[in-house]
Amino acid sequence: MRSDSEFLGGLTGQVVRIVAVDEQDLPPLVLLEVSQLGVVAAREGAAHFFPWNEIVEITPAEISTGDKELVEALLGVDSEP
């Protein structure tokens, strides 16, 4: 895995911003998996693989209420007791 894998591993399951080559203004995505080949991130039920050679930057994203609900839905978390 890459040398920054601890940082990225800590972002797994959280909303991130991914800046990728040939991709303009990607929406906030939930980081699902980090591997030696790249990362898997999802939004609205659709997962997408980003190989390392396409990734420029990955940063934590601030999330709105709607994004929080998205994260909970993707991770199968129920916010109700």
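Remember, it's a predicted structure, so these values are computed and weren't measured experimentally.

A. The arrangement of the sheet that holds strand E2 (residues 29-34) in detail. Judged by pairing direction, the sheet is antiparallel, and its 5 strands sit side by side in the order E4-E3-E2-E1-E5 without closing on themselves. With one partner strand each, in any of the chains shown, strand E4 (46-51) and strand E5 (55-60) form the two edges of the open sheet. For this sheet, the mean inter-axis angle between neighbouring strands, taken without regard to orientation, is 40 degrees. Strand direction decides the pairing type here: strand E1 (residues 15-20) and E2, joined by 2 bridges, are antiparallel. Bridging across to E2, Val 15 finds its partner in Val 30.

B. Spatial organisation of the nonpolar core. Formed by 15 residues in total, the largest nonpolar core has its most connected members in Ile 18, Val 39, Phe 50, Trp 52 and Ile 58. At the level of secondary structure, the elements contributing two or more residues to this core comprise helix H1 (5-11), E1, E2, strand E3 (38-43) and E5. Setting aside chain neighbours within four positions, we find Ile 58 in contact with Phe 7, Leu 8, Leu 11, Val 16, Arg 17, Ile 18, Val 39 and Trp 52.

C. Quick peek at the pairing of E2. Taken together, the 4 bridges between E2 and E3 define a ladder with antiparallel strand orientation. Bridging from a neighbouring strand, Val 30 pairs with Ala 42 of E3.

Conventions adopted
Residues numbered from 1 in each chain as written. Predicted model: local features only at pLDDT ≥ 70, side-chain atom pairs only at ≥ 80, totals over all residues. Heavy atoms only, no water. Pairing = 2+ DSSP bridges. Helix = DSSP H or I, 4+ residues; strand = E, 2+ residues; numbered from the N terminus. Axes fitted to C-alpha atoms, helices over the stretch in contact; angles between N-to-C directions. Core = buried A, V, L, I, M, F, W, Y, C linked by side-chain atoms within 4.5 Å. Buried < 20%, exposed > 50% of the residue type's maximum accessible area, 1.4 Å probe, protein only. Contact = heavy atoms within 4.5 Å.

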